[in-house]
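Structural overview
Okay, here's what each chain looks like letter by letter:
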Number of protein chains: 2
Amino acid sequence: MYKSIIENIRKVVDLNDSEVAVFNRFVETHHFKKKEIILQESKVCQKLYFVEKGCLRMYFINKKGVEHITQFAFDGWWISDFQSLMNHTPSDYYIQAIEESNIVSIDNQQLDILLTELPQLEKYFRILMQKAVAGAQLRSKLLYAMSKEEFYFHFSTSFPDFMVRVPQYMIASYLGLTPEYLSELRKKKL
Amino acid sequence: MYKSIIENIRKVVDLNDSEVAVFNRFVETHHFKKKEIILQESKVCQKLYFVEKGCLRMYFINKKGVEHITQFAFDGWWISDFQSLMNHTPSDYYIQAIEESNIVSIDNQQLDILLTELPQLEKYFRILMQKAVAGAQLRSKLLYAMSKEEFYFHFSTSFPDFMVRVPQYMIASYLGLTPEYLSELRKKKL
């Protein structure tokens, strides 16, 4: 069993070894190759994914066939399409591994049962979701408050690892810049 | 005591009358006049706010002195600056009543104690936060996928009440349009 998910949970709530054994019964582990698709657009998203090690991206393809990346998930992050997950509607998104990735997944229905068996995990997931809301609030403010150039410099300074691990064209897609403009900004920064 | 917050909670988890009495010990009720400021920029946000009846907006003022609205909250919605609340950092936001509003608030530290007394509320807040994440994911997709015109039409069709209750210049600020352009779009729609 992967360990970092347990460490991640134990930062927030207590989980003794027999509870860890219960937890492990409810989750699945996966190894995805680089470029492997984890969630396919038009399928209902059934699972929450935790990145033990690696990197995933979430994106959709617009009417003109252009990819737009809306989220990344690195080691220790959770990712899912919550709209699809909660409403049982087909997802507009793809989730894809952009590095070789070790992933822990939990089925949404299984999660409900797990949470009745280990109710302390409600707190863990509540705080997790609250942090995600805080992150979304910050992102929406930065997008309004900064020029694209300022947003890029803020982003590259705040997340230097990210800039190294993620291909440039994906960073451009995430920041809503053309790859050419991103390349200009990089030169300016150097 | 206001009632709609209790109904709202009971849609998700059980709460008997003695538990409601416990809950009521932890929350405060407020009546805010139209235009009253509830959270002041540069103050640490200490509370979560539930709209029993009325409407709040959350906005910040950019370097050029221009207001940007990032969220609204109507009857039955919660609102807070979670970045400030969780990190105890000064908020960049204002929260303001845009109608006369009846509000229930809970202090973040009190929430921790409440959640140990009524642990079933962890589930309520977890699902609440999860819905907020789903909403943020949807909004971020729509912003990328649609033109401003399409976004306006989607928005006005999905939330007709909103269009009636909220002043036009605030809708423009929320959608990232100039008031003049919004007015053109309205004429087109009519």
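To be clear, the structure that these remarks concern was listed above.
First things first, this report covers the structure right here in the doc. Note that this is a predicted model, so its numbers are computed, not measured. (Residues numbered from 1 in each chain as written. Chains lettered and ligands numbered in written order. Predicted model: local features only at pLDDT ≥ 70, side-chain atom pairs only at ≥ 80, totals over all residues. Heavy atoms only, no water.)

**Overview of the sheet that holds strand β4 (residues 55-61) of chain A**
Residue and element names in this part refer to chain A. Selection rule: Note on pairing: DSSP must find at least two bridges between two strands before they are called paired. Helix and strand labels come from DSSP, where a helix needs a run of H or I of at least four residues and a strand needs a run of E of at least two; each type is numbered from the N terminus. Angular values range over 0 to 180 degrees, each being the angle between N-to-C directions of two axes fitted as lines to C-alpha atoms, with helices fitted over their stretch in contact. In this analysis, two residues are considered to be in contact whenever any of their non-hydrogen atoms come within 4.5 Å of each other.
One open sheet accounts for 4 strands, arranged β2-β7-β4-β5; its pairing is antiparallel. This sheet does not close on itself; its edge strands, each paired only once, are β2 (37-39) and β5 (67-74). The sheet shows a mean angle of 30° between the axes of neighbouring strands, taken without regard to direction. Sheet topology note: the β2/strand β7 (residues 94-97) ladder contains 2 bridges and is antiparallel. Directly across from Leu39, in β7, lies its bridge partner Ile95. Across the sheet, helix α8 (residues 168-175) lies against β4 and β5, angled at about 105° from β5, the strand it touches most.

**As for the layout of surface pockets**
Note the following rule: Both cavities and pockets are sets of points on a 1 Å grid over the protein atoms alone; in a cavity a 1.4 Å probe fits but cannot get out, in a pocket the set is open with protein on both sides within 12 Å along at least five of seven lines, and lining residues sit with an atom within 4 Å of a point. Grid points are joined across faces, edges and corners, and a volume is the space filled by probe spheres set on the points. Under this grouping Gly is polar, as are all residues other than the nonpolar Ala, Val, Leu, Ile, Met, Phe, Trp, Tyr, Cys and Pro and the charged Asp, Glu, Lys and Arg.
By volume, the second largest pocket amounts to about 240 Å³. Lining of the second largest pocket is provided by 14 residues; of these, A:Pro119, A:Glu122, B:Pro119, B:Gln120 and B:Glu122 occupy positions nearest its centre. At the level of secondary structure, the elements contributing two or more residues to the lining of the second largest pocket comprise α4 (108-117) and α5 (120-145) of chain A together with α4 (108-117) and α5 (120-145) of chain B. For the lining of the second largest pocket, the residue count by class is 5 nonpolar, 4 polar and 5 charged.

**Things to note about the interface of chain B and chain A**
To keep things clear, this is the line we draw: In short, buried area is how much 1.4 Å probe accessible area vanishes from two parts on joining, totalled over both. Only one rule defines a salt bridge in this text: a Lys or Arg side-chain nitrogen within 4 Å of an Asp or Glu carboxyl oxygen.
Contacts between the two partners involve 42 residues from chain B, matched on the other side by 42 residues from chain A. Summed over both partners, the interface of chain B with chain A buries about 3400 Å², with 58% contributed by carbon and sulfur atoms. Taken as a group, B:Arg126, B:Gln137 and B:Tyr144 account for 22% of the area that chain B buries against chain A, more than any other trio of residues on that side. At the boundary of chain B and chain A, one finds 8 salt bridges. Secondary structure elements with two or more residues in the side of chain B that touches chain A: β4 (55-61), β5 (67-74), α3 (82-87), α4, α5 and α8 (168-175) of chain B. Broken down by element, the side of chain B that touches chain A gets its largest block of residues, 20 residues, from α5(B). Partitioned by chemical class, the residues of the side of chain B that touches chain A number 20 nonpolar, 11 polar and 11 charged.

**Observations regarding the relation of the copies chain B and chain A**
Note the threshold: To superpose the copies, least squares is applied to the C-alpha atoms of every residue with a pLDDT of at least 70 in both.
Once chain B has been moved 0.0 Å along the axis and rotated by 180°, it coincides with chain A to within an RMSD of 0.0 Å. Overall, the copies show the geometry of a two-fold rotation axis. Residue B:Arg126, judged by its C-alpha, is the member of chain B lying nearest the rotation axis, at 2.0 Å. Both copies present the same face, since 100% of the interface residues in chain B are matched by interface residues at the equivalent positions in chain A.

**Here's the deal with the packing of aromatic side chains**
Note on aromatic pairs: each is described by the distance of the centres and the angle between the planes. Residue and element names in this part refer to chain A. Using the following cut-off: Stacked, edge-to-face and tilted labels apply to pairs of Phe, Tyr and Trp rings (six-membered ring for Trp) whose centres lie within 6.5 Å, assigned for plane angles under 30 degrees, over 60, and everything in between, in that order. Using a 1.4 Å probe on the protein chains alone, a residue whose accessible area is under 20% of its type maximum counts as buried, one over 50% counts as exposed, and one in between counts as partly exposed. We call a charge positioned over a ring when the NZ of a Lys or the CZ of an Arg lies within 6 Å of the ring centre and within 35 degrees of the ring normal.
Under the criterion given, the structure shown has 30 aromatic pairs over all chains. An angle of 50° between the planes, with centres 5.6 Å apart, marks the rings of Phe155 and Tyr174 as tilted. With a gap of 19 residues between them, Phe155 in helix α6 (residues 148-158) and Tyr174 in helix α8 connect regions that are remote in the sequence. For Phe155, a relative accessible area of 6% puts it in the buried group. By relative accessible area, which is 11% here, Tyr174 ends up buried. Aromatic ring contacts, followed pair by pair, group Phe72, Phe74, Trp77, Phe151, Phe155, Phe159, Phe162 and Tyr174 into a single cluster. The side chain of Arg57 reaches across the aromatic face of Tyr59, ending 3.8 Å from its centre.

**Looking at the side chain of B:Lys141**
You can see B:Lys141 is positioned in helix α5. The residues contacting B:Lys141, other than those within four sequence positions of it, are A:Phe60, A:Asp92 and A:Tyr93.

**A closer look at the pairing of strand β3 (residues 47-53) of chain B**
Residues and elements named next belong to chain B. The element β3 is largely enclosed, with a buried count of 6 among its 7 residues. In this structure, β3 lies alongside strand β8 (residues 101-107), joined through 6 bridges in antiparallel fashion. If you follow Lys47 over to β8, its bridge partner there is Asp107. Summarising the sheet, β3 and strand β6 (residues 78-79) pair through 2 bridges and their orientation is antiparallel. Bridge assignment links Tyr49 to a residue of β6, and that residue is Ile79.

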